[in-house]
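Here are the chains, one letter per residue:
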Amino acid sequence: MIPEASIPVLQGTRVLLRHWTDADLAPFAAMNADAEVMQHFPATLSRAESDQLASRVRAHFELYGFGVWVLEIPGELSFAGCVGLQQVSFDAHFTPAVEIAWRLVRPAWGKHYATEAAECALRYAFEVKQFPEVVSFTVPANLRSQAVMQRLRMHNKAEDNFAHPKLPAGHALSAHVLYRLRHEEWIAK
Ligand SMILES: CC(C)(COP(=O)(O)OP(=O)(O)OC[C@H]1O[C@@H](n2cnc3c(N)ncnc32)[C@H](O)[C@@H]1OP(=O)(O)O)[C@@H](O)C(=O)NCCC(=O)NCCS
């Protein structure tokens, strides 16, 4: 188990990716109960489901030393959402893999915060952890999330797209697009 003190905090120009505290659980649950934020997920989350998700996110840090951080906008929003890295939790043609993920509260959209925070996480992934590749995936309809991927210079090939194995075949959210960014592509930027 990796102690919290050795888990990094990442700082960008306007964003801070910091450790979770129990005070984050209420705003995290409010975000997960927001139908607009959760539009491209199977359902909004109850408080209990949100707390369970937060426990899994915090456990990932203890296991791997990295994870999905809380996004803070210092001086503006103490909880603006969460952005970070995680081991993909299912088997697919591109796994094992580390994914980058983001979910922001509605007032934090449209300000480039997700992209800025994701750049901090990618810098950590490639320059500190030296991961060979980071992936990201979403449903085709989630154009805002794909726009973040494209701003990060992640790229999609049709043959990489996949049916999410945690959803039943034929589910409306089954089809996923996969974006990749390789270490050498980040270094060459
Ligand atoms: C996906 C999500 C994080 C994207 O957020 P976002 O605000 O669109 O993305 P960014 O933070 O990168 O901001 C980009 C926006 O900031 C605007 N912007 C403001 N200042 C900017 C600047 N200095 N530079 C560039 N863009 C800027 C851009 O124009 C763009 O807005 P637009 O798309 O309305 O034109 C957000 O929609 C979200 O949390 N969705 C719900 C959860 C989700 O679906 N997660 C992904 C699951 S795979």
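All residue numbers refer to position in the chain's written sequence, counted from 1. Per-residue local features are limited, in this predicted model, to residues with pLDDT of at least 70; the limit for side-chain atom pairs, both in listing and counting, is 80 or more; totals at the level of whole chains, interfaces and linings are taken over all residues. Values reported for side chains reflect all heavy atoms of the structure, with hydrogen atoms and water molecules removed beforehand.

An unreviewed UniProt entry lists the protein chain under the name GNAT family N-acetyltransferase, with Herminiimonas glaciei given as the organism.

Next up on the list: the overall build of the protein chain. Segments assigned H or I by DSSP are reported as helices when at least four residues long, segments assigned E as strands when at least two residues long, and all are numbered from the N terminus. A tally of helices and strands in the protein chain yields five helices and nine strands. Scanning the protein chain from its N terminus toward the C terminus, one meets helices and strands in the order β-β-α-α-β-β-β-α-β-α-β-β-β-α. Computation of the radius of gyration draws on C-alpha atoms alone. For the globule rule, the value is 2.2 Å times the number of residues to the power 0.38. Relative to a compact globule of 189 residues, whose C-alpha radius of gyration would be 16 Å, the protein chain shows 16 Å and is just as compact. Each residue is placed in one exposure class: buried if its accessible area under a 1.4 Å probe, protein chains only, is under 20% of its type's maximum, exposed if it is over 50%, and partly exposed if it falls in between. Across the 189 residues in the protein chain, those meeting the buried criterion constitute 50%. Across the protein chain, every contact between residues at least 6 apart in sequence was considered, and the portion connecting residues at least 24 apart equals 63%. All accessibility values rest on the Shrake-Rupley procedure with a 1.4 Å probe; residue burial counts only the protein chains present in the view. Surface accessibility of the protein chain: about 9,300 Å² in total, with carbon and sulfur atoms responsible for 55%. One way to put it: in the protein chain the 18 positive side-chain charges average out to a point 3 Å from where the 20 negative ones average out. Contacts are assigned to residue pairs with any non-hydrogen atoms lying within 4.5 Å of each other. Positive charge is attributed to Lys and Arg, negative charge to Asp and Glu, and no charge count is given to His or to the chain ends. Here the site of a charge means atom NZ of a Lys, CZ of an Arg, CG of an Asp or CD of a Glu.

The element strand β9 (residues 175–182) is largely enclosed, with a buried count of six among its eight residues. In short, DSSP must find at least two bridges between two strands for them to pair. When strand β7 (residues 155–156) meets β9, the two strands line up antiparallel, connected through two bridges. Of the residues in β9, the one forming a bridge with His155 is Arg180. As judged from the two bridges shared by strand β8 (residues 162–163) and β9, these two strands associate in the antiparallel manner. Paired with Ala163 across the bridge in β9 is Ala175.

Glancing now at the packing of helix α1 (residues 25–32) against helix α2 (residues 47–64). Here α1 crosses α2 at 120 degrees, and the two axes come no closer than 9 Å. The two elements α1 and α2 meet at a crossing, and its hand is right-handed. Residues Leu25, Ala26, Phe28, Ala29 and Asn32 of α1 touch α2, and the partners they reach there are Arg47, Ser50, Asp51, Leu53, Ala54 and Arg58. Along the lines of polarity and charge, the residues of the contact of α1 with α2 split into six nonpolar, two polar and three charged. Note on geometry: axes are C-alpha line fits, over the in-contact stretch for helices, and angles between N-to-C directions span 0 to 180 degrees. Each crossing is labelled by how the near helix is turned from the far one, with a counterclockwise turn of less than a right angle marking it left-handed and a clockwise turn marking it right-handed. Polarity classes work like this: nonpolar for Ala, Val, Leu, Ile, Met, Phe, Trp, Tyr, Cys and Pro, charged for Asp, Glu, Lys and Arg, and polar for all others, with Gly in that last group.

Time to look at the pattern of salt bridges. Salt bridge criterion: a side-chain nitrogen from Lys or Arg within 4 Å of a carboxyl oxygen from Asp or Glu. Here the structure, examined in full by the defined rule, presents eleven salt bridges. A salt bridge links Asp24 to Arg18; the shortest N-O distance between them is 2.8 Å. Given a relative accessible area of 3%, Asp24 falls into the buried group. What makes Arg18 buried here is its relative accessible area of 13%. A network of salt bridges, in which partner residues are shared, links Glu133, Asp160, Arg180, Arg182 and Glu184.

Right, let's talk about the side chain of His164 for a bit. Counting through the fold element by element, His164 comes out in the loop between β8 and β9. Polar contacts, as counted here, are pairs of nitrogen or oxygen atoms within 3.5 Å of one another; within protein the pair requires one atom able to donate a hydrogen and one able to accept it, and residues that are adjacent in sequence qualify only if both atoms are side-chain atoms. Of note is the side chain of His164, whose polar atom sits 3.1 Å from the backbone nitrogen of Lys166. Setting aside residues no more than four positions away along its own chain, His164 makes contact with Phe90, Phe137, Ser174 and His176.

Put simply, a residue is near a molecule or strand once any heavy atom of it comes within 4 Å of that molecule or strand. Lining the immediate environment of the ligand, one finds 19 residues, of which Leu104, Gly110, Ala114, Thr115 and Asn142 sit closest. Within the backbone of Ala114, an N or O atom sits 2.8 Å from an oxygen atom of the ligand. In this structure, an oxygen atom belonging to the ligand sits 2.8 Å away from a side-chain N or O atom of Asn142. In the complex, 70% of the free accessible area of the ligand, which totals 950 Å², lies under the protein chains. Counting residues per element, the shell around the ligand draws most heavily on helix α4 (residues 143–151), at four residues. Considered class by class, the residues forming the shell around the ligand number nine nonpolar, six polar and four charged.

As a further point, take the pairing of strand β5 (residues 98–104). Looking along a regular strand, one sees side chains alternate from face to face of the sheet. Extensive coverage of β5 is indicated by the burial of seven of its seven residues. Burial along β5 is two-sided: Val98, Ile100, Trp102 and Leu104 facing one way and Glu99, Ala101 and Arg103 facing the other are all buried. Pairing of strand β4 (residues 77–87) with β5, which is carried by seven bridges, proceeds in the antiparallel orientation. Within the sheet, the bridge partner assigned to Gln86 lies in β5 and is Glu99. The pairing of β5 with strand β6 (residues 133–138) spans two bridges and is parallel. The residue of β6 that forms the bridge with Val98 is Val134.

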